[in-house]
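# Results of the structural survey
Residue-level listing of the chains:
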Amino acid sequence: MTNQNSFQSWLDLCVLQDGKLNSDQPSQGGNDEVSLRLRQQARLHFKALSSSSPSEAAAKSTPPSSPSNSSTVAEDICKASSATPNGALALLLSSLGPAFSSSATSDAKVRALHCLMGALEGSKDLTHGVRQAVGRFMLELCRPESRENEEEGDDDMDEPLDYVDAENLTPEQVTEKLQAMEQSHEERKKSKKGSSSFAHDDVRDAAITGLNALLRSSLEIFPTQQSQSSQSSQKLSEAMGVVHQSMELRVELAKLGVRYRCQTDTSNASNDENGMWGDSGDGYETDNPDLNIEDGLSQLPRLKRSLCFTLLEGALDGLNEDELKWKDLQSQLQSQSSSSTQDAEEFATPPSLLRSMSAFVSLTSSCMHGETDPRCLLQIMRLLNKIQQIMLPLFASNNNVSSGGAYQMIIDTEDGGVAMFPGVEIFDAVAPYYPVQFTPPKNDPHGITREKLHDALMAVLCERGTFYKSHSIQENSDAYREEKESMIMLAARIFLERLEPPKSSDYDPPSGTEPDVEDKLDAVRDLSALLLLQSPSSEPQFSLNVTRVTPTFLSELSSAMARVHEEAVSSDANLLASAIRKFSSSLAHTLEPATSISSSDSNEINTTPLWEAYVVDVLRHLSPTLGSSPQGMHGRASTAYLASLAAEGGLMTLKKVLEGCYPRFLSVLSLLERNNESKEAGKADEFSSKEVSKQKNRDEEKMASAMRGIAALVSSCRVALQRWQGDNPGVQVHPHPLSLYISSTIQKIAFVLDEDGDDIGPLSMAAVGALESVLTSADLSGLGEEDLVSLEKSFSLISRVVLDEEGTVGDEWKAACARVLGAVIALGLCQKSEDDDALTNSGERMNALATSLLPEILASATSPPRDSSKFHVIRYDWIVLAGACANGSSQVSQKIVSELLSSMLAALGSNQTYEGAPAMALSYLIRCGGPDVGIAFHSLSPPGPTPFDIINEMSKPLQQGPEDNMDSERKMGRKQLQVGMSLLQLPVSRAKDEEVANDTIKRADSILPFLITAYECPSSVSSCGDLVQFVDQILPPLSEWDEVKLYVALPLLAAVLKSSNQVWRTLDSVALGALRSMITYLAQFSISSDHDAHSRSAAASCLFSVLFHSTQDDDCDGEVHLFHQLLEEVYLELTDAVTCLKKVNDTLTKRASSSLLHSSLSQVGDTFSFLGLLGSAAACKGGSFSQTADKITSFLIELACTGTSQFPFAAATMQLVTPTITGQKHPLLDPASHAYILPASAFGSMLSVQNGGPFWRQRMTHKTLPVLLKALQVQAKSQNPPALGTLAVVCHMLCCLPASLLGKSNIQQILPTMVAGLVYFSKNLNALAQSDMISSKPADVLSIILAALIKILTISPEDVTKFIGIIIPSLLLLCSSTESSETYIPKQLLVFQCLEIVATHPQARKSILREKDQVVAVLSAVVDHPSMIIRNAVVQVRNVWYTLA
């Protein structure tokens, strides 16, 4: 079918009347099935034409000699064949002419426009002439419809009907008829006018949409008269001219389209005789009617405003595509052209295009005024940012070939006009919306948040994504810049005004201290987004915006930052102060000339004036205070601010700050000599001596502040040099920035320490802190003899302070001295290790000092505390070693750790009574000495001591002598542990062997808790394989000494396996295979009661880690089968344990031993706990293991609630002993009732596991809640207390599961059981005390009852409001118990916490006040409790209740 035939069929569909197509439906404005079908068919047809048409055909056509503009359009259309998209589009527009006639309906026009939309969307490229013709046609459809002639016709048509037959009517009836007729006529006119207006609006909207599709279409370069030259020899220049014409056409069509769509019938009726808006009245006339469209735009609904914004965005997208083509043509022309002058003329953007783009930006900016819908705001702000990204570079590139070169992109055109990028107008449009204050409505389907709006606004203010060349900023251009502000300058000023509102400003910050601080924090973040690089990329390496502000503004910004920082410090707004310091230092580093900021064209930008304005000016302003009153608030805040600049502001900033501040601090410390001279001169005069003392006290605070300032600057120097070396690897700064000041600093510090002696004050503390900073930051290789003597004297004094005695918590002086000694050891040993042959005199002296000091510190650190009653004293010798490891190299850590292990081996080998001190020191170093300590511990190898030597020594019998130990080591090797069948020894006496083994285990208990710390650090990965091999060789244990070795090794292996997931990624296949092979043995070891409880617990932990982390992708069924095998082991063990418990329970009437009953319950409980471990491992693994977890969970819940359940994956049914009637009434004293707690505890242990995904608890809750609720319904029918098993399950679920997972209704159903349990326990405290003879499980149930109550009172107090009158008396009974055992103290603390929370219950005020007197009386009686912890808690809770009113 030909194009003409197909277009005729489309026309027939367009002009079909609604009565013929679907007479029963009202008009849909063209948005019906026919419109959509036409659009789809047209899109497919023109897409096929675009893919098959030869694009060279249009490009080879020659332009006419000199036709007019209209003939050019005709020429483009004539040259285009109907087989091409351009010709077919022209033919389609001609064919659809009847659909746009004045007699056509609105639906026909809309359908025809949809047909054109599809054609435009399917067309790949359009020539400039075709786009111009189609665009002008669509523009006319965007205009409002004139109503004058239609209204006159309506009046003529209705006029013959305007009469009333007055025959047989009274005058009143005639009047009523006339009024009714007139009212009906007016309503008919309004209805016709409204429906017609709405229908025509659909046409205008469809025209806007079609125009948008036209503007987004690509340009086919078809050089006709629209090009800039008629010479056929300059095809590239002609093509560039066509591109410029296309860009200008897109802009103009978009502007006119929005303008016409915003016009109303009234404005169009005037025919623009007095401008766009007609005669608007005196004082309201518009000079440029093309721009002020806010009134018409505001009358449009949101969807229609959004169409206008989409049209503007479509023009931008098309403009961007034309720009890319123009750049491609430009590069081709550059390769052919030889004259740079000609290049500049050819490459300049035409002034007419610049003026059109400027008007386009102004029009778009005006659309922002008065907009309140957040969806439109977001759209228009993103549109403005896209304008900046696309148009700003065009103005900037043209500016490079123009005279002036100003940032504002003011271009002097050939005709004397001015083309300026209206950045100020964009700012004026968006500035009223800063800061964004928007709270989205609940359940907002659009997803617009304050963060999205703020991000879009910041993109405009920061010109995000806009890259164009910057120019060096000259100070003499400030006057011009102040007259013509840029977007960056204006945005920076509005941010600064938010940070520090001037007194004359109308900015209204949020009320209150915290909102004001948060507001200032937002301002700092916005300044960072504006001036700093947010996401580093390859090009550029900095934020260009920082080079587009003036030195004057940067000076003002720096002063404001210092002032706001001081205010934040004085008001303890630490977050704000830290944010300001971070921003200022980052900005200083960006501006620093040494960073050699370069733009994309590799031309260096001179930022020296900017850096000087930001850094030097504020330094000149703040530094005088440091020399006059550094102890004041202004001085302390200035010190912190300048120290941060020095630390992170770059090397040049560091040197400048040191030059401006350090001499001032030293001048303050010169008061030391003056005070000393005054003291010497006044020795003979008692009155003068008193004056000297007063003056010294006055000056001490000032000098202490100066000393702290020196410490801050020295530490800042260390940070700055580390950053420099990180950015410049292998480059050293010489000379050291502190080289000019270090000698004077050491002399001042030594004078203070020597002068004060034992008189410790703020100055001494500050001097020690400064000395630590000097040792860790400065280069001491060039110190003279006098400085070294002063240092050695100071170190001697400090070492005596640290080593003489132990201290208590809060002794900051000794802790500071310990840190200094740690720095001395680190510095001395590092110098020796770095270069043994090139040590200077000072280096040798420091190394000798550290070498002599370290053994003394180690001897002190590995010795037991002098006062054994003070076990938790502060060990300052440990602080020294931790500081040495943290500040020193890895060799320092290795040396110290090796010495500690040697001390541990010596203590173990000599059977000392206190072997734990070296292990305690090692544990402290692991936690506080930095990562090198753990790495050094696990990397030790023979012939020195190794961690395996410690394990081996801990496993040896106590009576074994040192000689035998040495023989064993020679036989086995240093790292190989003594394992294997050949090393088994038959005991002389089993009883004697067990006694020695128990003594060995007791000794290991003093070391293991501290040694485990070393195996919990990340570096323990390297020891995991050897530990696995060791445990694999002795499991299952065959002797008492295998038991001892497992007692030592299993906790260490468990610590390694659960330390991090990195362990399982680094283990080799051999170690993984060994772990899998140990699963059965670990399970049997964990279940059996023949082994030590601590070893069994460690084995269970290892088993859980192996089950959870071990995966075999090719044998998932095998792993599931492994779980089933373990369940079989559990079944056999559990059957035996339950049978034994039943037998013991049956013999209770025969006065069976309570210890036997306790042992039987423990064995059953341990088996249930192991079953819970298997269930939690399966639940955490998920997938095919979830069924195993479900079975285990259901089994435990059913046993706890009913006493009977089928064992997982077995046909057998497990049944607990049924409590007697008496036992049900008094469950605390009934052993059978205690047994029901055991599966509930196992279920609680499953819920408390933190591994696995987020959904397994939800699955477990879904499986268990029905069983629990059913059991509660059955038990609620009896008058007995709640069953202990069901009560335990309820409390475990309340404690371990989030409220959202349980659900509000389920919580309300299970809460009465918890409250009933609380009441029962509070009334039977004597029975609770007696129940401990059977088992400790009831006491554990009371603990979880109180824990669940605390959680409910905290997260949903309204659920227990009706129980408050019951809960408070029960809590009083529990807290007034006379039992003072240590096991009951934690429960009393929970009770007091409940009472404190209940006092603030918002919904039970009356009940609380009613119980106030009783609560206060009971608490007053408990104040004399023997435990200090209880007394403190009672006082706190009683004060809360006292204040209730």
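Residues numbered from 1 in each chain as written. Predicted model: local features only at pLDDT ≥ 70, side-chain atom pairs only at ≥ 80, totals over all residues. Heavy atoms only, no water.

## Regarding the overall build of the protein chain
- What the protein chain contains, in helices and strands, is 63 helices and 6 strands.
- Residue pairs at least 24 apart in sequence account for 76% of intrachain contacts in the protein chain once pairs closer than 6 positions are excluded.
- For the protein chain, the exposed surface amounts to about 65,800 Å²; the carbon and sulfur share of it is 51%. (Helix = DSSP H or I, 4+ residues; strand = E, 2+ residues; numbered from the N terminus. Contact = heavy atoms within 4.5 Å. Areas by Shrake-Rupley, 256 points an atom, 1.4 Å probe, with all protein chains shown as cover.)

## Some remarks on the side chain of serine 1020
- Here serine 1020 lies in the loop between helix 42 (1008-1014) and helix 43 (1021-1034).
- By relative accessible area, which is 0% here, serine 1020 ends up buried.
- Here tyrosine 1015 takes part through its backbone oxygen, which lies 3.2 Å from a polar atom of the side chain of serine 1020.
- Looking at serine 1020, its side chain comes within polar contact range of the main-chain oxygen of cysteine 1017, at 2.7 Å.
- In this view, serine 1020 contacts His938, Ala1014, Tyr1015, Val1056 and Ser1059; residues no more than four positions away in its chain are not counted. (Buried < 20%, exposed > 50% of the residue type's maximum accessible area, 1.4 Å probe, protein only. Polar contact = N/O pair within 3.5 Å; in protein donor to acceptor, adjacent residues only side chain to side chain.)

## Here's the deal with unusual backbone geometry
- The peptide bond linking proline 942 to proline 943 adopts the cis configuration, its omega dihedral lying at 10°.
- With an omega of 5°, the peptide bond running from leucine 1035 to proline 1036 counts as cis.
- Along the chain, the position of proline 1036 falls in the loop between helix 43 and helix 44 (1040-1057).
- Residues other than glycine seldom take positive phi values, yet aspartate 572 does so here, at roughly 60°.
- Tracing the backbone through its elements, the reader meets aspartate 572 in the loop between helix 23 (551-570) and helix 24 (574-591).
- On the accessibility criterion, aspartate 572 (62% relative accessible area) is exposed.
- In the Ramachandran plot, phenylalanine 1209 falls in the positive-phi region, its phi being about 55° despite a non-glycine side chain.
- On the secondary structure map, phenylalanine 1209 appears in the loop between strand 5 (1204-1206) and strand 6 (1213-1215).
- Residue phenylalanine 1209 is classed as partly exposed on the basis of its relative accessible area of 37%.

## Some details on the pattern of salt bridges
- Per the counting criterion, the structure on display carries 34 salt bridges.
- With a closest N to O distance of 3.5 Å, aspartate 522 and arginine 498 form a salt bridge. Residue aspartate 522 is found in helix 22 (residues 513-531), and its partner arginine 498 is found in helix 21 (residues 487-499); the two are separated by 24 residues along the sequence.
- Residues arginine 563 and glutamate 500 are paired through a salt bridge, measuring 2.8 Å at the closest nitrogen-oxygen approach. Highlighted residues: arginine 563 in helix 23 and glutamate 500 in the loop between helix 21 and helix 22, separated in sequence by 63 residues. (Salt bridge = Lys/Arg side-chain N within 4 Å of Asp/Glu carboxyl O.)

## Focus: the packing of aromatic side chains
- In the structure shown here, the tally under the stated rule is 11 aromatic pairs.
- Summarising the aromatic geometry, the rings of phenylalanine 937 and tyrosine 1015 are spaced 5.9 Å apart at their centres and angled 90° between planes, so their arrangement reads as edge-to-face. You can see phenylalanine 937 sitting in helix 38 (residues 931-939) and its partner tyrosine 1015 sitting in the loop between helix 42 and helix 43, a full 78 residues away along the chain.
- Judged by relative accessible area, tyrosine 1015 falls into the buried class, the value being 0%.
- Aromatic side chains tyrosine 1320 and phenylalanine 1321 sit 6.0 Å apart centroid to centroid with 80° between the ring planes, which places their arrangement in the edge-to-face category. In this structure, tyrosine 1320 and phenylalanine 1321 share a single accessibility class: buried.
- Note that lysine 1181 overlies the ring of phenylalanine 1185, its terminal NZ or CZ placed 4.8 Å from the centroid.
- For lysine 1191, the ring lying beneath its charged end belongs to phenylalanine 1209, and the centroid distance is 6.0 Å. (Phe/Tyr/Trp six-rings, centres within 6.5 Å; stacked < 30°, edge-to-face > 60°. Lys NZ or Arg CZ within 6 Å of the ring centre and 35° of its normal.)

## Let's talk about the packing of helix 53 (residues 1231-1247) against helix 55 (residues 1284-1296)
- Viewed as axis vectors pointing N to C, helix 53 and helix 55 meet at an angle of 15°, and their least axial separation amounts to 7 Å. Here helix 55 runs roughly parallel to helix 53, going by the angle between their axes. Where helix 53 crosses over helix 55, the two elements pack in a sense that is right-handed. Between helix 53, through Ser1233, His1234, Tyr1236, Ile1237, Ala1240, Ser1241, Phe1243, Gly1244 and Leu1247, and helix 55, the contact on the second element is made entirely by Leu1284, Gly1285, Ala1288, Val1289, His1292, Met1293 and Cys1296. (Axes fitted to C-alpha atoms, helices over the stretch in contact; angles between N-to-C directions. Parallel < 35°, antiparallel > 145°, perpendicular 65-115°, else oblique. Left-handed = near helix turned anticlockwise from the far one by under 90°.)

## Observations regarding the nonpolar core
- In this structure, Leu557, Tyr614 and Trp1441 are the most contacted members of the largest nonpolar core, which totals 422 residues.
- Excluding its chain neighbours within four sequence positions, the residues that come into contact with tyrosine 614 are Leu554, Leu557, Ser558, Met561, Phe583, Ser584, Leu587, Ala588, Leu591 and Tyr641. (Core = buried A, V, L, I, M, F, W, Y, C linked by side-chain atoms within 4.5 Å.)

## Description of the environment of leucine 1268
- Relative to the elements of secondary structure, leucine 1268 occurs in helix 54 (residues 1256-1275).
- Expressed as a C-alpha distance, the spacing of leucine 1268 and isoleucine 1197, which sit 71 residues apart in the sequence, is 7.4 Å.
- In contact with leucine 1268, not counting residues within four places along its chain, are Cys1201, Thr1286, Val1289, Val1290, Met1293 and Ile1310.

## Some remarks on the packing of helix 60 (residues 1364-1375) against helix 61 (residues 1385-1398)
- Put simply, helix 60 and helix 61 touch, their axes get as near as 9 Å, and they point 145° apart. As helix 60 runs across helix 61, the sense of the crossing is left-handed. Only Gln1388, Val1391, Phe1392, Cys1394, Leu1395 and Val1398 of helix 61 make contact with helix 60, whose side of the interface consists of Ile1364, Ile1368, Leu1371, Leu1372, Leu1374 and Cys1375.
- Each residue belonging to the contact of helix 60 with helix 61 can be placed in one class, and the counts come to 11 nonpolar, 1 polar and no charged. (Nonpolar A, V, L, I, M, F, W, Y, C, P; charged D, E, K, R; others polar.)

## Considerations on the confidence of the model for the protein chain
- In this model, the protein chain carries a mean pLDDT of 79, and residues with pLDDT of at least 70 account for 77%.
- When the criterion is pLDDT under 50, residues 53-73 qualifies, and its contacts beyond four places in sequence or with other chains add up to 31 contacts.
- Low confidence marks residues 536-541, where pLDDT is under 50. Its contacts with residues over four positions away, or in another chain, come to 3 contacts. (pLDDT = per-residue confidence, 0-100.)

## Quick word on the environment of tryptophan 1041
- Within the element layout of this structure, tryptophan 1041 appears in helix 44.
- Look at tryptophan 1041 and you get buried, because its relative accessible area is 16%.
- A C-alpha to C-alpha distance of 9.5 Å links tryptophan 1041 and threonine 1000, two positions 41 residues apart in sequence.
- Residues within four places of tryptophan 1041 in sequence aside, it is in contact with Ser955, Lys956, Pro957, Asp993, Val996, Ala997 and Thr1000.

## Quick word on helix 27 (residues 651-669)
- When the terminal C-alpha atoms of helix 27 are compared, their 26 Å separation across 19 residues agrees well with the 27 Å that a helix rising 1.5 Å per residue should span.
- Where helix 27 bends most, at leucine 658, the angle is about 30°.
- All of the buried residues in helix 27 are Leu651, Thr653, Leu654, Val657, Leu658, Gly660, Cys661, Tyr662, Phe665, Leu666, Val668 and Leu669. (Expected span 1.5 Å × (residues − 1). Bend = angle between axes of the 7 residues up to and from the residue.)

## Looking at helix 43
- Among all positions in helix 43, only Val1021, Ser1023, Cys1024, Leu1027, Val1028, Phe1030, Val1031 and Ile1034 are buried.
- Tucked inside the fold, the buried residues of helix 43 contact helix 38, helix 39 (947-954), helix 44, helix 45 (1062-1066) and helix 46 (1069-1077).

## Some thoughts on the environment of arginine 498
- Overall, the relative accessible area of 4% leaves arginine 498 in the buried class.
- For the pair arginine 498 and lysine 520, spaced 22 residues apart in sequence, the C-alpha separation works out to 6.8 Å.
- For arginine 498, the side chain forms a polar contact with the side chain of aspartate 526, separated by 3.3 Å.

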